[in-house]
Each structure stands twice: as structure tokens, then as C-alpha cells.
Amino acid sequence: VAEEYDEDVEVRPQMVKVNLDPHLLLLLREIHYLSQEPFGAHLPAPARELLRNTNSASLRMLATRLETIVSKYNTVMHVMTEFEQPLFERCLAKIDDLFHLGLSQYTWRTEESADFVETANALVCADLHHNLDIVQTNCAEVMEITRAWSEGTLDIFAAREKDKSYDIQELIEIQKKLNEEVESAVIPGGNRVHSLLDTSFKEEDVPLPILTIRLELIENQVAFRPPLDTSTSYTSVHETVQQWLEAFLDRGKLVPMLSNKESYRDYISIDEETVHLIEHINRLVENNSEECKELYELFKDYAFLWQQDVNQTFEEFLNGNVSPTLGDTSGPISPSNLRVMASARSVTSRVSSAKSSIESAGLIGTAERSFLTPKTSRDLEPNVPSLDEFDAEIDIYRSARDEIQALQDHQDVGWLRVDLQPIKQVLTTYASKWMWTYTKYLSDQVTNMLQKLDEFLKRTEPEIESITGEERDTASFMKMMRLFNE
């Protein structure tokens with residue numbers, strides 16, 4: 001039952017009650033106990049009929065839950081201020097619709113009443129009442145924090161001794177000390193205020209941005225789809241908004257004027273309020289577009305993944321053109337420099353037992369050089385990179401892949417939601433391709449080495465087994481030397 005509620009007027013009820021007579025629950029309880037042992041009383045026909053057609057336990061539980069719901073709703077409507085109501089308007093609108101069903105369709109005998117109670121409990125108790133309590137508690141704490149900022153001594157005029165005059169240096173020192181005290185109170189308090197506001201807005205049922213656009217890699221360029229400006233042949237977001245605004249204004253043409261010379265659109269389009277609204281909308285669209293373009297910076301450092309050719313770069317790497325150390329980055333940043341910058345961010349430790357001996361000698365060991373030299377080359381390459389350099393290159397792409405995967409899947413900017421998944425998937429694939437190129441080379445080298453070892457063992461094993469140790473002739477000796485030499 002809703003009090004102070006008129007269906008013909010959009011007024012939200014300020015007080016709701018459960019339309020169940022508590023005497024009915026008392027009567028059902030008494031009938032239940034009197035019909036049981038040891039009483040076994042003979043009940044009149046109306047009482048037996050009531051007991052037979054009513055589940056008193058279910059009714060009592062339903063009534064108790066509804067009492068809790070209406071109690072919390074009434075509390076909210078009593079304590080909610082006009083400034084807080086807009087924050088919860090969407091939730092209140094859902095509750096209004098649900099209560100309208102409860103007032104017009106649901107009865108105590110309706111089977112779906114339990115579902116109605118569950119929905120009402122979720123909206124009123126778990127959502128509205130709980131979140132309003134958080135918002136009001138946070139607001140009270142914010143007020144206490146800001147009130148504390150205005151307390152105490154704030155300037156030298158309040159801090160001075162009235163019977164004393166100061167020189168300029170003394171006043172400067174006093175003011176400096178006061179500034180430090182104020183900063184020590186305001187900065188932590190400001191951080192706390194932001195934290196409380198973030199919590200409050202998270203509790204609010206904030207609608208998602210209405211439009212989702214994608215950030216993609218198109219023809220080796222990071223671009224939005226649909227685009228944000230008119231630099232491409234595709235219809236941009238701004239152009240779409242302009243079409244919507246024109247469509248709204250064109251509604252003024254639907255009804256002809258009596259003069260038949262002009263249309264209402266002409267009057268609407270020059271209306272001062274309409275002009276200001278259109279300017280505000282265009283400014284909002286442009287500002288949000290500029291904020292979205294700042295997302296380009298997220299992927300600028302990974303341009304080497306798509307701007308450099310994988311096979312060509314790898315061939316240069318095998319020829320000894322290893323990424324140089326990070327030097328002067330004052331000019332334009334090339335893709336290779338971006339790769340160097342990515343390497344500098346790598347934090348994986350690469351410590352091996354052989355590294356110190358290799359570095360101390362200033363050379364790559366013969367065995368390692370033989371292993372890493374391309375099999376198409378007949379001689380050992382003097383500039384072939386070391387295993388540590390392979391590890392460093394692979395770590396560049398592993399770090400890039402992990403950093404890209406750690407980025408959020410979407411970013412909300414005003415009325416736009418930017419979907420980052422398309423470009424994340426592409427760049428992750430590119431990074432994996434770079435890693436695969438380097439690791440496959442090492443894998444192929446290991447496979448080739450094991451195949452040669454297998455061929456060598458198959459070829460020499462019979463000859464080694466034929467040696468008895470009793471040979472004394474020169475031919476047998478030379479045979480053993482040749483096997484050992486291999």
C-alpha cells in the first residue's frame with residue numbers, strides 16, 4: 001500500500017506499508033497450535049478452510065521480508081536529500097515500476113510473489129539502501145575533512161603576537177611553516193576525498209557510454225573505426241553526430257506553417273537556446289575525440305612490431321647488426337630506436353654460468369659460434385650473435401607482448417567507449433611472431449645438431465665396437481686416431 005501516491009501525477013510515494021493484517025498471522029498461528037496435540041481442538045469449518053488453503057509458514061516469511069523491504073525504502077525516502085536523488089534516479093525508476101506491479105498485479109496468492117520479493121529485495125536493500133548509506137557516509141567524511149582545512153591558524157596575521165612587530169624574514173619563516181602545516185593536512189586529505197568520491201561513484205549505477213568505437217591497426221597505422229575526424233573516406237563520428245542534429249532540426253519541417261513560405265525548422269535553428277545546445281554538443285564531441293586520440297600514446301612504443309620487417313631484421317641480426325645500446329634519442333624516433341627503447345624496459349635477469357667467461361675472453365666460444373652459425377654458411381661467422389644476445393632480443397618481444405596483454409580491454413572517454421581488443425590481439429600476434437622467428441631458429445639449430453650427432457653415432461658405432469684393444473698394427477692405430485679425431 002502506497003501512501004501519498006496518485007497514479008495520475010508523477011509523484012513518488014514517500015511511505016509504503018505491507019497490506020497484511022498482523023491479526024491474520026496471529027489467527028493462523030493460534031489455529032495451527034490448537035489443532036495439534038495436546039489440544040486437538042475441534043475447529044469450526046471456516047477455520048479449517050483457512051488452514052487448508054493457506055501456507056502460514058510461507059505467508060509469515062513473505063510478510064517478514066516485505067516488512068524489511070518497505071522499512072528500508074521508507075528510510076531512504078525519509079533521509080535522501082534532493083541533491084542525492086539524481087544519483088539514484090535510475091534505481092528509483094526501476095523500483096517505481098516494480099512497486100506499480102506490486103500494487104496492481106501481485107496478490108498474496110500469486111505464485112510469482114516470491115520472485116517479486118527477491119527482485120524488490122535486490123533493488124531496495126542490496127542496491128538503493130546499501131549504496132545510499134555508502135554515499136552519505138563518504139559525504140559526511142568529506143565534509144569533516146574539508147572542515148578541518150579551515151580550522152587552526154592559516155596565515156601570519158592570525159599567527160602573530162599582537163604586542164609584537166616582526167621583521168620581514170621572521171614573517172617569511174612563519175608563513176613558510178604555516179604553508180608546510182597546511183600542505184601536510186590538505187594533500188593527504190585531498191587524496192582521501194578523491195578516494196571516497198571514486199568509491200561513491202563506483203557504487204552508483206552509472207550508465208555505460210552509448211557508442212563503442214574500435215582502435216585498430218589499419219594499413220600499418222593505428223586508427224579508430226569509425227574514425228574521429230574527416231581525414232578518411234569513412235563517415236566519422238563527428239559527421240554522424242552532425243547528421244543526427246540535422247535530423248532533429250528537420251523535424252520542424254514535418255508540420256507546415258500557415259504562411260507556406262517558411263518552415264518551423266528555420267525558427268528552431270536560429271533559436272538562441274538551440275544554438276547554444278548545438279555548440280555545446282559539438283564542443284563535447286570534439287573534446288572527447290581529442291581525449292580518445294591520446295590513446296595513441298599507449299601503442300607508440302610498440303610501433304617496431306609492425307613497422308619493421310621480421311625476416312629482414314632477423315637476417316641483419318644474424319649478420320651481427322645487434323640492437324645498439326640506448327643512446328641519443330633527441331631526433332625522430334625510428335622503428336629500430338623504438339625496439340631499443342623496448343629493450344631498455346626489459347627487466348628480466350639474464351644470468352648464466354658461461355656468460356662471465358665469454359665476456360672476460362671478449363669472444364664467443366667456438367662451440368657456441370658453431371652452433372649459432374647458419375648452416376648455409378660454410379665458415380664460422382665472426383659476427384654471429386651470442387646466446388645472450390638471442391635471449392635479449394627474445395625478451396624484447398616477450399616484454400612487449402606481456403605489456404600489451406596487461407592493458408585494459410576498453411577505455412571509457414565521456415560518451416565513447418574505445419574497444420582496445422582489436423589492436424591488442426593484432427599486436428600480441430605480431431609480438432608472438434617475432435618471438436617465434438628467433439626461437440624457431442634456435443630450435444632448428446638444435447634439431448640439426450642432434451641429427452648430425454645421430455648420423456655420426458650410427459656411422460662410427462660399428463667401427464668403435466670392432467676395436468678389441470689388441471690391435472698392434474699401424475693401420476688399426478690410424479683408424480682409432482681418425483675416430484677419436486672426429
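Residues numbered from 1 in each chain as written. Predicted model: local features only at pLDDT ≥ 70, side-chain atom pairs only at ≥ 80, totals over all residues. Heavy atoms only, no water.

Labelled according to an unreviewed UniProt entry, the protein chain appears under the name Dynein heavy chain tail domain-containing protein, originating from Paralvinella palmiformis.

### Quick look at a nonpolar patch on the surface
Selection criterion: Patches in this entry comprise residues that are over 30% relatively accessible and not in a salt bridge; like charges within 9 Å are linked, as are nonpolar side chains (Val, Leu, Ile, Met, Phe, Trp, Tyr) within 5 Å. Calculation of accessible area relied on Shrake-Rupley with a 1.4 Å probe; when residues are assessed, cover is drawn exclusively from the protein chains displayed. Here a salt bridge means any side-chain nitrogen of Lys or Arg lying within 4 Å of a carboxyl oxygen belonging to Asp or Glu. Strands are runs of DSSP state E lasting at least 2 residues, helices are runs of H or I lasting at least 4, and numbering of each runs from the N terminus.
Taken together, the side chains of V446, M449, L450, L453 and L457 define a hydrophobic patch exposed on the protein surface, amounting to about 430 Å² of accessible area. With respect to the element layout, V446 can be found in helix α18 (residues 421-465).

### Points about the pattern of salt bridges
In the structure shown here, the tally under the stated rule is 16 salt bridges. The salt bridge partner of E144 is R147, with a shortest N-O separation of 2.7 Å. Here E144 and its partner R147 are both found in helix α5 (residues 113-149), three residues apart, which amounts to about one turn of the helix. Residue K300 is joined to E297 by a salt bridge in which the shortest nitrogen-to-oxygen separation is 3.2 Å. One end of the pair, K300, and the other, E297, are both in helix α11 (residues 296-300), three residues apart, so they sit about a helical turn from each other. Salt bridges sharing partners connect three or more residues here, namely E246, D250, K253 and R265.

### So, the pairing of strand β5 (residues 410-413)
As a reminder of what qualifies: When DSSP finds at least two bridges between two strands, those strands are taken to pair.
Across four bridges, β5 lies against strand β6 (residues 416-419) in antiparallel orientation. The residue bridging H410 from the neighbouring strand is D419, located in β6. The antiparallel hairpin formed by β5 and β6 contains two residues in its connecting segment, where G414 sits at a positive phi of about 60 degrees.

### Quick look at helix α13 (residues 310-318)
To keep it simple, the criterion reads: Only protein chains enter the accessibility calculation, which uses a 1.4 Å probe; a residue whose area is less than 20% of its type maximum is buried, one above 50% is exposed, and one in between is partly exposed. It is the directions from the helix axis to the C-beta atoms that the arc portrays. Under the rule applied, a polar contact is a pair of N or O atoms within 3.5 Å (in protein, one hydrogen donor and one hydrogen acceptor; residues adjacent in sequence only if both atoms are side-chain atoms).
The set of residues buried in α13 consists of V310, T313, F314, F317 and L318. With its buried residues spanning 140 degrees around the axis, α13 presents them on a single face. Two or three places before N311, at the opening of α13, D309 has a side-chain oxygen 3.3 Å from that residue's backbone nitrogen. After α13 finishes, the residue G320 shows a positive phi value of roughly 100 degrees.

### Structural notes on the nonpolar core
Soluble, globular proteins show a tendency: their nonpolar side chains are buried together. Convention followed: Side-chain atoms within 4.5 Å are what join buried Ala, Val, Leu, Ile, Met, Phe, Trp, Tyr and Cys residues into a set we call a nonpolar core.
In this structure, L215, L305, F390, Y397, V418, L427 and Y438 are the most contacted members of the largest nonpolar core, which totals 44 residues. Counting residues per element, this core draws most heavily on α18, at eight residues. With 25 residues, the next largest nonpolar core counts L92, L98, V117 and L123 among its residues.

### Digging into the pairing of strand β4 (residues 221-225)
Burial of β4 is extensive: four of the five residues sit out of reach of the surface. Judged from the five bridges that link them, strand β3 (residues 211-218) and β4 form a sheet pairing that is antiparallel. Looking across to β4, one finds that L217 is bridged to V222. Linkage of β3 to β4, two consecutive antiparallel strands, is achieved through a turn of two residues, within which E219 is found at a positive phi near 50 degrees.

### Section: the sheet that holds β5
To keep it simple, the criterion reads: Between N-to-C directions, angles cover 0 to 180 degrees, with each direction set by a line fitted to C-alpha atoms, over the stretch in contact for helices. Here, two residues are considered to be in contact whenever any of their heavy atoms come within 4.5 Å of each other.
Read from one edge of the open sheet, four strands run β4-β3-β6-β5, paired in mixed fashion. Edge positions in the sheet fall to β4 and β5, since each of these pairs with one other strand and no more. Each strand axis lies, on average, 25 degrees off the axis of its neighbour in the sheet, ignoring direction. Two strands pair when backbone bridges link them, and β3 and β6 are joined in this way by four bridges, in the parallel orientation. Across the sheet, the residue bridging to I213 is V418, located in β6. The strands touched by α18 within the sheet are β3, β4 and β6, with β3 carrying the most contacts at an inclination of about 25 degrees.

### A few points about the side chain of T428
Along the polypeptide, T428 turns up in helix α18. Of note is the side chain of T428, whose polar atom sits 2.7 Å from the backbone oxygen of K424.

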